[in-house]
Amino acid sequence: MNPSAINQEKLEGWNRPPIVEPDGEAELLEVAMGPHHPSTHGVFRMDLALDGERVVRLKPVFGYLHRNHEKIAEGVSYLASMPYTDRLDYICSLTNNWAYALAVEKLVGQEVPERAEYIRVILAELTRIQNHASAIGFLIQEMGASGTPLMYAFKEREKILDLFEELTGSRMMCNYMRFGGCRVDVSAAWLDAARKVVLGLPAFIDEFENLLSSNEILMARCQGVGILRPDLAINAGVTGPMLRGSGVNYDIRKVDHYGIYDRFKFRVPLGDHGDIYDRYMVRILEMRESVTILDQALKEIPGGPIMDPKAKIRGFRPKPGEAYGRIEAPKGELGFYLISDGSPNPYRYRVRPPSLINLTVLEDMCLGSNVADVVLIFGSVDIVLGEVDR
Amino acid sequence: MYLFLEDSLLGEGILKGMAETARNFAGSFVSAERLTTVQYPEEREAPAENARVFPFLVFDTADAEAGLRCVACQICEKECPPKCIYIEKSKDKKPDYVGKQQFYPTRFDIDISVCMSCQICVEVCPFEAIKMDTQFELATTDRFGGLLLDRKELSRSNEYYHQIHPTEAAEVDARLAEEKAKADAKAKATADAAAAKAAMPPPAAKAAATEEGAGD
């Protein structure tokens, strides 16, 4: 993506509030926000330098939740890293599973049966809906509406998590996908239950929008705040709803057609102001698009095996080489980069976490804003510290 | 879909949202569907059939010691991602469910403070010996010894397994019965062949007998 391709005229009025340089004598107030819950996302610290109410400098400090995921993965077999990927972005474990499975499948040249591909799409889209619903819930929570919208989101999320539990045995740490397919087959009863949940989703999104979209407080707090210019977003490597909220049409489901995404009709919602409200709206519209993908996938799902009979889940040695598998996770581009040296463990294992890279533009979005808006801007990035720190 | 604040009638959106919450509040009195929580621990929801918490070891016969399916092959110990399983293999052997002489674990410990409930031990076990429990109320006052479960504490009967995962357990039993039938037929065939070959030169018969062990 080339930033110069963006129509500069369109960017009139996209600038963040002017940063008023403090006078030489004015003293800056340094505030350490966190590390204990600056919001509901995890353990993260922001070192702010304030001129009165305005942010002059912001330094994100993370690493409090570092647990050595990449190095551990280099010491264990390929299969043993699968449950660890659940713990990266613990809200959407199934998409993490998929990205890792995709990378290993690329490394060993493994095909996936069609039914398994459909199951993966269904689970990934359900994950996207529950992630976006809770992301919006957290965002509104950070605005000060403590509870109500978050509980609405969680009510619906719980229905989806019940589906996950019924299928995979766990609500959040699903550990479901395997190299060359999925672990257990979905039953007809599960598919019916999923159809029933999906049928209820549009009503939930309508209700959620009624509750929030035209709320004057939300509009006043979100519009024109935390603006991210598309050229900066591209240069910083921002992906996901953050990038699309800034009006850049880039969705890996459309770009890569990984899995079977070329078979489904769906649109990519784009924002045209790049502020928090656009990010909120892009997430709402993405939920609606996910519902249409789910409708198609649940209608078309074929029979057949869920696992390639030749596939090995353990004790295999990939040929020396490297592979990068990436998917459009709910938070952005999630990639796994693997190098094999022919041993049963990966020689190098690297995660490209969307949360960490989306967080790099935090300072630029926050400069010149009020302190109260910083929390809101941080919430609109939609990060999970499990993935940032790994 | 960008709604501008300047275009909206002030207060309209807030009232719309409040109408939504009011409808849910009033609705919770008439429709049970809108009540999404239960009053734990007085009320409990049954766990999903596939639910998994921590592993346990399955035994078949009435005696937990003798009927343990585990043959101490140590695959789960090797594959366990957080390495929370510790197995010591026996020196002697005892017959397993098909009657084949196998090792057994003299020690089988799982540290459930380390276990992350990933189910990989269940997946890699070729003997259907380790399965996932649904019991989650495991709080203890001793965080070291109380969370290190040994072979005795981990053993559960096959009936218990049927009780918590009925579908899965039935499948496992069918698979084991099939294996046993196959093993029995094979043992019978080898025994017959061995009997027939008894009159023949001894080396061949000896080889056949050692290959199958005491399969009878």
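That block above? That's the structure.
This report concerns the structure included in the present document. Quick caveat: nothing in here was measured; it's all calculated off a predicted structure.

What counts, and where the lines are drawn
Residues numbered from 1 in each chain as written. Chains lettered and ligands numbered in written order. Predicted model: local features only at pLDDT ≥ 70, side-chain atom pairs only at ≥ 80, totals over all residues. Helix = DSSP H or I, 4+ residues; strand = E, 2+ residues; numbered from the N terminus. Buried ≥ 20, exposed ≤ 12 C-beta atoms within 10 Å, placed from the backbone. Contact = placed C-beta atoms within 7 Å. Core = buried A, V, L, I, M, F, W, Y, C linked by C-beta atoms within 7 Å. Pairing = 2+ DSSP bridges. Axes fitted to C-alpha atoms, helices over the stretch in contact; angles between N-to-C directions. Nonpolar A, V, L, I, M, F, W, Y, C, P; charged D, E, K, R; others polar.

### Description of the overall build of chain B
Step number 1: The secondary structure content of chain B amounts to 7 helices and 8 strands.
Step number 2: Burial status across chain B gives 20% buried among its 216 residues.
Step number 3: A separation threshold of at least 6 residues defines the contact pool for chain B, and within that pool the share at least 24 residues apart is 66%.

### Here we look at the nonpolar core
Step number 1: Of all hydrophobic cores here, the largest spans 135 residues; its most connected members are A99 and I122 of chain A together with L57 of chain B.
Step number 2: Ranked by the residues each element gives to this core, the list is headed by helix α4 (residues 114-143) of chain A, at 16 residues.
Step number 3: Apart from the residues lying within four places of it in its own chain, the contact partners of L57 of chain B are L68, C70, F108, A129, I130, R151, L154, S155 and R156 of chain B.

### A look at the sheet that holds strand β8 (residues 155-157) of chain B
Residue and element names in this part refer to chain B.
Step number 1: With respect to topology, 3 strands assemble into an open sheet ordered β6-β1-β8, the strand pairing being mixed. The open sheet terminates on both sides in strands that have one partner only, identified here as β6 (130-132) and β8. Geometrically, the sheet is characterised by an average inter-axis angle of 50 degrees between neighbouring strands, direction not taken into account.

### Here we look at the sheet that holds strand β2 (residues 85-89) of chain B
Step number 1: Pairing is antiparallel across the open sheet formed by 3 strands, whose spatial order is β2-β5-β7 (chain B). The outermost strands of the open sheet, each flanked by one partner alone, are β2 and β7 (148-149) of chain B.

### Structural notes on the interface of chain B and chain A
By convention, interface size is frequently given as the accessible area that disappears when the constituent parts associate.
Step number 1: At the interface, 28 residues of chain B touch 36 residues of chain A.
Step number 2: Broken down by secondary-structure element, the contributors of at least two residues to the side of chain B that touches chain A are α1 (12-30) and α3 (120-124) of chain B.
Step number 3: For the side of chain B that touches chain A, the class distribution of residues is 14 nonpolar, 9 polar and 5 charged.

### Notes on the environment of K59 of chain A
Step number 1: Positionally, K59 of chain A belongs in strand β3 (residues 54-61).
Step number 2: The spacing of K59 of chain A and V225 of chain A is 166 residues in sequence and 19 Å in space, taken between C-alpha atoms.

### Re the pairing of strand β1 (residues 55-59) of chain B
All names here are of chain B.
Step number 1: With 5 of 5 residues buried, β1 lies mostly within the body of the structure.
Step number 2: As paired strands, β1 and β6 are joined by 3 bridges and run antiparallel to one another. Among the inter-strand pairings, P55 is bridged to a residue of β6, identified as M132.
Step number 3: Note that β1 and β8 share 3 bridges and pair parallel. In the strand pairing of β8, V58 is matched with R156.

### Some points on unusual backbone geometry
Residues and elements named next belong to chain B.
Step number 1: Residue P41 follows Y40 across a cis peptide bond; omega there is 5 degrees.
Step number 2: Looking at the element boundaries, P41 is found in the loop between α1 and β1.
Step number 3: A positive phi angle, close to 55 degrees, is found at K83, a residue other than glycine.
Step number 4: On the secondary structure map, K83 appears in the loop between α2 (75-79) and β2.
Step number 5: Of the residues examined, K83 has 13 C-beta atoms within 10 Å and is grouped as partly exposed.
Step number 6: Of note, the phi angle at S117 is positive, near 55 degrees, even though the residue is not glycine.
Step number 7: Considering the arrangement of structural elements, one finds S117 in the loop between β5 (105-111) and α3.

That's the geometry; what it means functionally is another story.
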